Amino acid sequence: MSNELERLREDAWNLLSTPTSNLLGNYLQKHSSIARLATVGEAEEIQQEPKILRFSIFNHLHLREAEKIWNLFFEIADRSNTTTEAIKAVRDTYLELLDTKNPELLYHSLMVFIAHHPVGRVLSVPSILVRDPGKVVPSKPLGATLNTASGRPNILAALIEDEDHNQETLLNWFREDPLANEHHQHWHVVYPAFGLRGGIKDRQGELFIYMHQQMLARYDAERIAVGIERVLAHSDYNASIAYGYNPGAILTNSAEINITPFFTVTRFTPRKPGPMFKNFDDETLKEKVAAFNNLKEKFVDGVKKGRLKKGKKEIAISPHLLGSTLEPSLDSTDEEYYETKVPTQFGLHGTGHLIVAFSENPTVPDMERTEMGVMGDPATAIRDPFFWAWHKHIDDFSFNWQQTQKKHDFSDYPNVLIRKGIDEVGDAWSPDIILSTFSALRNIPGLTTEKGTLNSEVLKRLAAQAFGGNNWNGDFTKASSLQYQYAENKKAAFFETVDELKTWMEKGKIRFLSRSESDPKSSEYAEFEYEYLNHEEFFYFVRIQNQFNYIQKVTVRIFLVPASEEEDRRAWIEMDKFVHELQANERAVVVRKAEDSSVIRKPAIKNPDTDNVNYKPRDINLTDPELFIKMAADVKYNEEGNIAQYKEFLDSNFSQSTKVLADFADYNEPTPNVNREMEAVKLAKEAAEACISNITQFKINLKIYEEALFKVLKAVQSFIYNKSYCECGWPYNLLLPRGTTDGMKFKLMVMITDWQKDIVGEEDCCGSMSYCGAKDRYPDVRPMGYPFDRAFEGSIKNLIALQPNMACRSITIKLNNDGIQS
Ligand SMILES: [Cu+2]
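- An unreviewed UniProt entry annotates the chain as Hemocyanin, ig-like domain originating from Pontibacter ummariensis.
- Per its UniProt entry, the chain bears the Subcellular location (unreviewed entry) comment "Secreted".

What about the overall build of the chain?
Argument step 1. Summing up its helical and strand segments, the chain has 23 helices and 19 strands in all.
Argument step 2. For the chain, with 822 residues in total, the buried portion stands at 56%.
Argument step 3. Pairs at least 24 apart in sequence give 77% of the contacts found in the chain among residues at least 6 apart.
Argument step 4. Roughly 35800 Å² of accessible area belongs to the chain as shown, and the carbon and sulfur atoms make up 51% of that amount.

Considering the side chain of Arg782
Argument step 1. Following the sequence through the fold, Arg782 ends up in the loop between helix 22 (769-772) and helix 23 (796-802).
Argument step 2. Within the structure, Arg782 has its side chain in polar contact with the side chain of Asp412 (distance 2.9 Å).
Argument step 3. Side chain to side chain, Arg782 and Tyr786 meet in a polar contact 3.3 Å long.

As for the packing of helix 4 (residues 60-79) against helix 6 (residues 103-116)
Argument step 1. Contact pair helix 4 / helix 6: the axes reach a minimum separation of 8 Å and the direction vectors enclose 50°. Between helix 4 and helix 6, the angle is such that the two are oblique. Note that helix 4 runs across helix 6; the crossing there is right-handed. Residues His62, Leu63, Glu65, Ala66, Ile69, Trp70, Phe73, Phe74 and Ala77 of helix 4 pack against Leu105, Leu106, His108, Ser109, Leu110, Val112, Phe113 and His116 of helix 6.
Argument step 2. When the residues that make up the contact of helix 4 with helix 6 are grouped by side-chain class, the tally is twelve nonpolar, four polar and one charged.

Points about the pattern of salt bridges
Argument step 1. Overall, the coordinates contain 36 salt bridges when judged by the stated rule.
Argument step 2. In this structure, the salt-bridge partner of Arg570 is Asp396, at a minimum N-O distance of 2.8 Å. Here Arg570, found in the loop between strand 15 (552-562) and strand 16 (573-582), pairs with Asp396, found in helix 16 (residues 385-404); they are 174 residues apart in sequence, far enough to count as distant.
Argument step 3. Given the relative accessible area of 12%, Arg570 is considered buried.
Argument step 4. Beyond isolated ion pairs, a larger network of salt bridges with shared partners links Glu104, Asp132, Lys135 and Asp377.

Notes on the confidence of the model for the chain
Argument step 1. The predicted model of the chain has a mean per-residue pLDDT of 82, with 77% of residues at 70 or higher.
Argument step 2. Here helix 12 (residues 256-259) is the element of the chain with the lowest mean pLDDT, 46, and helix 16 is the one with the highest, 97.
Argument step 3. Note on residues 619-625: pLDDT under 50 across the span, and 19 contacts to partners over four residues away in sequence or across chains.
Argument step 4. Per-residue pLDDT stays below 50 along residues 718-724; that stretch engages in 27 contacts with residues further than four places along the chain or on separate chains.

Side note on the pairing of strand 4 (residues 307-310)
Argument step 1. Where strand 4 and strand 5 (residues 313-316) come together, four bridges link them in antiparallel fashion. Looking at the pairing, Lys310 lines up with Lys313 of strand 5.

What about the pairing of strand 15?
Within a regular strand, the side chains alternate between the two sheet faces.
Argument step 1. The element strand 15 is extensively covered by neighbouring structure, given that ten of its eleven residues are classed as buried.
Argument step 2. Direction of pairing for strand 15 relative to strand 16: antiparallel, over a ladder of nine bridges. Within strand 16, the residue paired with Arg557 across the bridge is Lys577.
Argument step 3. Of the strand pairs in this sheet, strand 15 and strand 18 (residues 744-754) are connected by nine bridges, and their pairing is antiparallel.

A word on the UniProt feature "domain: Tyrosinase copper-binding" (unreviewed entry) in the chain
Argument step 1. The feature "domain: Tyrosinase copper-binding" (unreviewed entry), as annotated in UniProt, sits at residues 384-395 in this numbering.
Argument step 2. With 92% helix and 0% strand, residues 384-395 has end C-alpha atoms that lie 17 Å from one another.

Looking at the side chain of His116
Argument step 1. Within the secondary structure, His116 is located in helix 6.
Argument step 2. A distance of 3.0 Å separates a polar atom in the side chain of His116 from the backbone oxygen of Val189.

Quick word on helix 16
Argument step 1. Helix length check: helix 16, at 20 residues, gives a terminal C-alpha distance of 29 Å against a target of 28 Å (1.5 Å per residue), a fit within 8%.
Argument step 2. Where helix 16 bends most, at Asp395, the angle is about 25°.
Argument step 3. A large share of helix 16 lies buried, amounting to 16 of its 20 residues.
Argument step 4. A distance of 2.8 Å separates the backbone nitrogen of Phe386 from a side-chain oxygen at the start of helix 16, and that oxygen is part of Asp384.

Regarding the environment of Gln213
Argument step 1. Here Gln213 lies in helix 11 (residues 204-225).
Argument step 2. When the C-alpha atoms of Gln213 and His391 are compared, they prove to be 7.7 Å apart, with 178 residues separating the residues in sequence.
Argument step 3. Discounting residues that sit within four places of it in the chain, Gln213 has contacts with Asp395 and Arg570.

Thoughts on unusual backbone geometry
Argument step 1. Omega for the bond connecting Glu327 with Pro328 falls within 30 degrees of zero, at -10°, which places this linkage in the cis form.
Argument step 2. A cis amide bond links Lys602 to the next residue, Pro603, at an omega of -10°.
Argument step 3. Here Pro603 shows up in the loop between strand 17 (587-593) and helix 19 (625-666).
Argument step 4. Non-glycine residue Asn585 carries a positive phi angle of around 55°.
Argument step 5. On the secondary structure map, Asn585 appears in the loop between strand 16 and strand 17.
Argument step 6. Phi is positive for Asn612, close to 60°, though the residue is something other than glycine.
Argument step 7. Mapped onto the elements, Asn612 comes out in the loop between strand 17 and helix 19.

Some points on the environment of Asp11
Argument step 1. On the secondary structure map, Asp11 appears in helix 1 (residues 3-17).
Argument step 2. Here Asp11 falls in the partly exposed class, since its relative accessible area comes to 40%.
Argument step 3. Put simply, Asp11 and Arg91 are 80 residues apart on the chain and 9.7 Å apart in space, counted from C-alpha to C-alpha.

Points about the packing of helix 1 against helix 5 (residues 83-97)
Argument step 1. Relative to each other, helix 1 and helix 5 sit at 25°, their axes nearing to 9 Å. Between helix 1 and helix 5, the crossing angle belongs to the class labelled roughly parallel. Crossing angle aside, the handedness with which helix 1 passes helix 5 is left-handed. Counting all contacts with helix 1, which are made through Glu4, Leu5, Leu8, Asp11 and Leu15, the residues of helix 5 involved are Thr83, Thr84, Ile87, Lys88, Arg91, Tyr94 and Leu95.

As for the packing of aromatic side chains
Argument step 1. For the structure on display, the rule yields 30 aromatic pairs.
Argument step 2. On the basis of an interplanar angle of 45° and a centroid distance of 6.2 Å, the ring pair of Phe410 and Tyr786 is categorised as tilted. Linking Phe410 in the loop between helix 16 and strand 6 (416-417) with Tyr786 in the loop between helix 22 and helix 23, this pair joins segments that are 376 residues apart in sequence. Pair check on accessibility: Phe410 and Tyr786 agree, each one buried.
Argument step 3. Judged by centre distance (4.6 Å) and plane angle (15°), the rings of Trp572 and Phe788 are stacked. Taken together, the residues Trp572 in the loop between strand 15 and strand 16 and Phe788 in the loop between helix 22 and helix 23 connect sequence positions 216 residues apart. The exposure classification of Trp572 matches that of Phe788, with both residues buried.
Argument step 4. Connected via pairs of aromatic rings, a cluster forms that spans Trp173, Phe174, Tyr219, Phe387, Trp388 and Trp730.
Argument step 5. Cation over ring: Arg64 sits above Phe194, and NZ or CZ is 3.7 Å from the ring centre.

Criteria and cut-off values
- Numbers given to residues run from 1 along each chain, matching the order in which its sequence is written.
- Given that this is a predicted model, residues contribute local features only at a pLDDT of at least 70 and side-chain atom pairs are listed and counted only at 80 or more, while totals for whole chains, interfaces and linings are drawn from all residues.
- Only heavy atoms go into the side-chain values, all of them from the structure, while hydrogens and water stay out.
- UniProt positions are given in the numbering used here, feature names are shortened, and annotations may be inferred rather than shown by experiment.
- Where helices and strands are cited, they refer to DSSP runs of H or I of at least four residues and of E of at least two residues respectively, numbered from the N terminus.
- When a residue's accessible area, from a 1.4 Å probe over protein chains only, is under 20% of the maximum for its type it is buried; when over 50% it is exposed; and in between it is partly exposed.
- Residue contacts are counted whenever heavy atoms from the two residues lie within 4.5 Å of one another.
- Here the open area of atoms and residues is found with the Shrake-Rupley method and a 1.4 Å probe, where only the protein chains shown may cover a residue.
- Each polar contact in these results corresponds to two N or O atoms within 3.5 Å; when the atoms are within protein, one needs to be able to donate a hydrogen and the other to accept it, and residues that are neighboring in sequence are counted only if both atoms are side-chain atoms.
- Angles run from 0 to 180 degrees between N-to-C directions of axes, and those axes are lines fitted to C-alpha atoms, restricted for helices to the stretch in contact.
- Here the angle decides the label: under 35 degrees means roughly parallel, over 145 means roughly antiparallel, 65 to 115 means roughly perpendicular, and every other value means oblique.
- When the near helix sits turned anticlockwise from the far one by under a right angle, the crossing is termed left-handed; a clockwise turn instead gives a right-handed crossing.
- Throughout this entry, Asp, Glu, Lys and Arg are counted as charged residues, while Ala, Val, Leu, Ile, Met, Phe, Trp, Tyr, Cys and Pro are counted as nonpolar. The remaining residues, Gly among them, count as polar.
- Every case where a carboxyl oxygen of Asp or Glu lies within 4 Å of a side-chain nitrogen of Lys or Arg is listed as a salt bridge.
- The pLDDT value tells you how sure the predictor is about a given residue, anywhere from 0 up to 100.
- Each pair of strands is called paired provided DSSP finds at least two bridges between the two strands.
- Under the convention used throughout, the expected extent of a helix is 1.5 Å for every residue step, that is, one less than its residue count.
- To get the bend at any residue, fit one axis to the seven residues that end at it and another to the seven that begin at it, then take the angle between the two axes.
- The pairing test for Phe, Tyr and Trp rings, Trp by its six-membered ring, is centres within 6.5 Å, and the orientation test on the planes gives stacked under 30 degrees, edge-to-face over 60, and tilted for anything in between.
- Charge-over-ring placement is defined geometrically: NZ (Lys) or CZ (Arg) within 6 Å of the ring centre, and within 35 degrees of the ring normal.

Put into structure tokens, the structure is as follows:
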């Protein structure tokens, strides 16, 4: 890759690291109606094009504007001859537009470009902790430090007062987790509601529902752990919301006096408890509630009938259509019918976001709105407990529809054995689901590579030795101490299996650098401390016996559920899903690292404080698409050259042999000349053989070219897709629910399905397959959430006990509160 491109990538990183909040501050000063009146006078003001002051992707008019910009970026990049030229041109346009366009809208468009355009993918988007620190400061930070030259007053006092005392604040740490918010924002970048260039991603509507449903299952597990009831759907639009949400002194700018000279943050309105439609002027309130209710009833009806309106017709609901119409997205069955004009044009789910975001100032016209609540921004929406109540309501439509569908027939299991029974307290147990942790394995020589990553080969050998062979029948589900003979003549290393996984709260820092332009090297900063959940690194060892004497490819699906919620299919959390090839009759010990989980973002961010915070050129095999184009051209050139060459060979061989044969046929002498006959046959035979051998060689060469071409194609594809999908996914630090200090009981379930029937994506997919799909097609042909996406015939527990391809065991997750580990 050229040095220039390398420099551009780093420049782009720096540009992307600059928080939009400062820019937004300037923009608002310039374009808010008051500012405009003051500068240009009323008459001219009316002439001016109205500006979007506060951008929200949930407002479809705003999203259409953003779409125009990302399409512009796409076009600019398409027109450019090289990657370098394209990046430069897009950057210049971006900077130019900053004068006239809303900076948040622009940034969103740029993120879409980076996630989706082949050229954009050479750039990386920094952690939200860097690019938008003002959106992730917790409502109540653990501490704050101001390091200022001018000795400004400390703002700690303003931060410590806590207005809210409702039970929802118990889970602020979860809802306010910076990387969970980043995940939610990033998902909406990878899956724009209006698709890309007029097309929508495969099964996007289904994924919209499934991804949020899984977030709810995780949130519920945390609620159970702190002893509060699971999320209640907000389905009665007239009902009051019992809890408000105050995003804290920083997000609401209530510490403004002290911090404004230092840095600007985007202001969010705190939401007070009360009705969803509160503060609407009385005359129109009823009308608006009625309109929104009416929209809801259309979905209630549709789900009951199993059909949605599409113009004058009705069409059968599919998960994709239901999700697309609820969100709504480009694939909504009928945009007009399933739309509300309250408070702006958007469908059911989006409108809920907007109504609540605007609930404290509902009458402000769209183009004059400078403030909204966190629900209006995907980078902050999940902070509000109402987000969850709203999404539970949205999920109810999907759940109710699923309930009406035919139950799964589980007879299509592969011929594998995963052993199971019951434990001493009568719960499901399986000797074939074994757990260990990094700390329990850390004495194994060679387990970590020089780079600090885990050595998969060592793990595999250890697994085979410790749990396979003579140890195949051993029970390691309890914490047990084992030996691993890693080399002959060496002393065995000891390690353990566990039945308990540990979590803890860790401290992180959110840092604002001085925006002093006069002194860019100024060491002024403000720093906020927050806490986030983390867990020990763990591994699954799954033993599977292939009962066929031929190779079987299987899909391994791992789920977790709080033991108390086992019978509620919506409570099951997808932990992982991967493909494994079983050899004929193999007794396989399959190892899987938690950090490879199909639900999380790759590479796993183990330390939010340091990962993706500083510029690091991405580790990719081939970094410049220009190189692929060249590679492809080389192969094509060779192929064409060779085809011509072989065509010539074949032509001449063929004409030679046909000529000889024709000559022979024409030979009509009354007395046959045996010699000549023999000679002709010989020549024809030789010619035909030469022909065949040339064809064979040609085929071999074609195969080689074909393989080479596929390699190029694969390299191009993995380059193109890896990046954006790598970055999409649930954060690693939240992979395990937090559990309790006493230890919370969970059930860990493994289900083995026939890969031939699933076609789950291969392992070269680096991102979250489960939450973001892979490439353009979702990698699993089964419905998302399978097998928990349908009602069960009887109890889930019984099904797991009876199905040969399912097994379950208990595990404990313990919150280590003693102190913070690092
Ligand atoms: Cu939402």
